[in-house]
Every structure is written in C-alpha cells, then in structure tokens.
Amino acid sequence: MTTQQDLARTQTTGDLLESDWIRRYHPAVADAPRLICFPHAGGSASFYFPVAKELTPAIDVLVVQYPGRQERRREPLIDNVPELADRVFEAVRHHADRPLYLFGHSMGATVAFEIARRFRDAGLPAPARLFASARRAPSRTRPDRVHTRDDEGVIRELRKLSGTDDRVLGNEEIMRLALPVLRNDYKAVETYRADRGVRIDSPVTVLTGDSDPNTTLDEARAWAEHTTADCEVQVFPGGHFYLVDRQREVLDAITARISAPAGM
C-alpha cells in the first residue's frame, strides 16, 4: 500500500530514474509516443506530475529536472540557456527512438526550442512537434531585469504572474530557499537572445493565456518565424499559469496533436 511518504518521493524523483536529468513518474505502453516536459523558471519536475498521471500509459511522459532543485538542490545552478540546453540535450537525445514531442512552459519553452535546434544541428530527426506554452517567440525580447531586483522585487513579480500560492509567499523560510533558484532562472531567460533567422524543423503549437502579462498575442504568433514547418496559436482564458486551471483543455490539445496522423 502506498504511503504518503512514498507518494511524496514519487512526485520528487519518480519511480524510474532515467538519469539525473530525466524523471519518468509512470510507466507507459511499449512504443508509446514520447513527450518530454520542461519546467518554468523556478519550477521543478514535480510540476508535471499531474500531466504524467493523466497522459500515461498512452503517452510516455518524461520530465526534465534542472539542477539546484528538489533532490538536485545541492548541485550548482546553470544561469544561461545555451549551457542548460547543451546539458539537457545530452540527456534527452537518447530518447528519440520513437515519435518525440517537446512541451515547455515559460522558460521551459525557450529551453525546449533550443533542444529542437540541437537535434537539427546534430543531424538528427526533428522532434515531431514543439508545444511552446506561455512564452513569446525566441527573437522577441523585453528589457526585463527581474533577476537584478531585491527579494521583494522578485516576490512582486511572482504575485503579478499569480503562479505562487500566497501561503508559500508568506513563508519566509520557503521563499529564502526558493529565491536563489528563481533569480538564477530569471537571469537565464532574461539574458537569452535568438536571431529572427533561427529556425527549427518541427511544427510549433503555441499555447497562451489571454491575459498573460508576459506574452502578447503578437509575440506568440511570432513563433512562426522560427520554424520551417507550420505554426499555430491556441489561446486559453487565464494568465501566465493558465494551464493550472485549464489542465483538461490543455491536455486535450496535446493529445489531439500527438495522436493526429502525420501531415495533419
């Protein structure tokens, strides 16, 4: 019988440790299409535990765990997207033995895009689709400097995005532990740059909230400039973390595209 302690461990590390970088929370059927998920700034693999629970066993869900959080909390953080993507790519390239899809939320969308670039640069088949959630196109930048703010400034940003429970924000000890990771990740994504001519060969599905302060509709549509394939934009009610309240609709959008025949 599963205890609460067992469940907590599963949500942190997964029953099957693929590597330091990859978590698989639930087993999938043989030859199931594979979806790799990339967390947002300050996020960890366990954010996608509900996604893995809902999509498996029909889809093999793998989740990336960045260093410096949860069971990797003692490892050095990586404060730039190119190095992070290089390290992640070495872990995920071996999982392309079946149809491979990438899903990234916020900073995770940028990392997933860079992973798709590395597949192309390595001469490997392109991922079947990139799902870019709550993130403007790679070449669309803003003069954001959240990573240079003091602690109160970072917390104000979190409140604006409504992605952190007030009970957590009010817990000084938890916030003290989380702020270095948040500031590190904000630095990585805020200093990231990509030219408009940089493209991947995967089709792109952009998912965005209609009131997300960090991504306008025009910034979402600009993803079309970064793929040689098709690009579509799907808008959901909600802000930056629209997918928490709209989980069922988001999962339906993902599964519809994963199960669709090639060329659809």
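Given the structure is predicted, the values throughout are model-derived calculations rather than measurements. (Residues numbered from 1 in each chain as written. Predicted model: local features only at pLDDT ≥ 70, side-chain atom pairs only at ≥ 80, totals over all residues. Heavy atoms only, no water.)

*Asks:* Would you take a moment to explain the pattern of salt bridges for this structure?
*Replies:* Opposite charge on two side chains lets them pair, provided their charged atoms get close. On inspection of all chains with the given rule, the structure shows 26 salt bridges. Lysine 187 is paired through a salt bridge with aspartate 79; the nearest N and O atoms lie 3.1 Å apart. In this pair, lysine 187 sits in helix H7 (residues 172-190) while aspartate 79 sits in the loop between strand E4 (60-64) and helix H3 (81-92), placing the two residues 108 residues apart along the sequence. The class of aspartate 79 is partly exposed, set by a relative accessible area of 30%. The closest approach of N and O atoms between glutamate 90 and arginine 93, which form a salt bridge, is 3.5 Å. Through salt bridges with shared partners, a single ionic network connects Arg24, Arg34, Asp60, Asp97 and Arg98. (Salt bridge = Lys/Arg side-chain N within 4 Å of Asp/Glu carboxyl O. Helix = DSSP H or I, 4+ residues; strand = E, 2+ residues; numbered from the N terminus. Buried < 20%, exposed > 50% of the residue type's maximum accessible area, 1.4 Å probe, protein only.)

*Asks:* Teacher, can you tell me more about the pairing of E4 here?
*Replies:* Side-chain positions along a regular strand alternate between the two faces of the sheet. Here E4 lies mainly inside the structure; 5 of its 5 residues are buried. Side-chain alternation along E4 places Asp60, Leu62 and Val64 on one buried face and Val61 and Val63 on a second face that is also buried. One ladder, built from 4 bridges, connects strand E3 (residues 34-38) with E4; its direction is parallel. Following the sheet pairing, cysteine 37 is matched in E4 by valine 63. Handedness of the β-α-β unit built from E3, helix H2 (residues 49-55) and E4 comes out right-handed. (Pairing = 2+ DSSP bridges. Right-handed = clockwise from strand over helix to strand, strands pointing away.)

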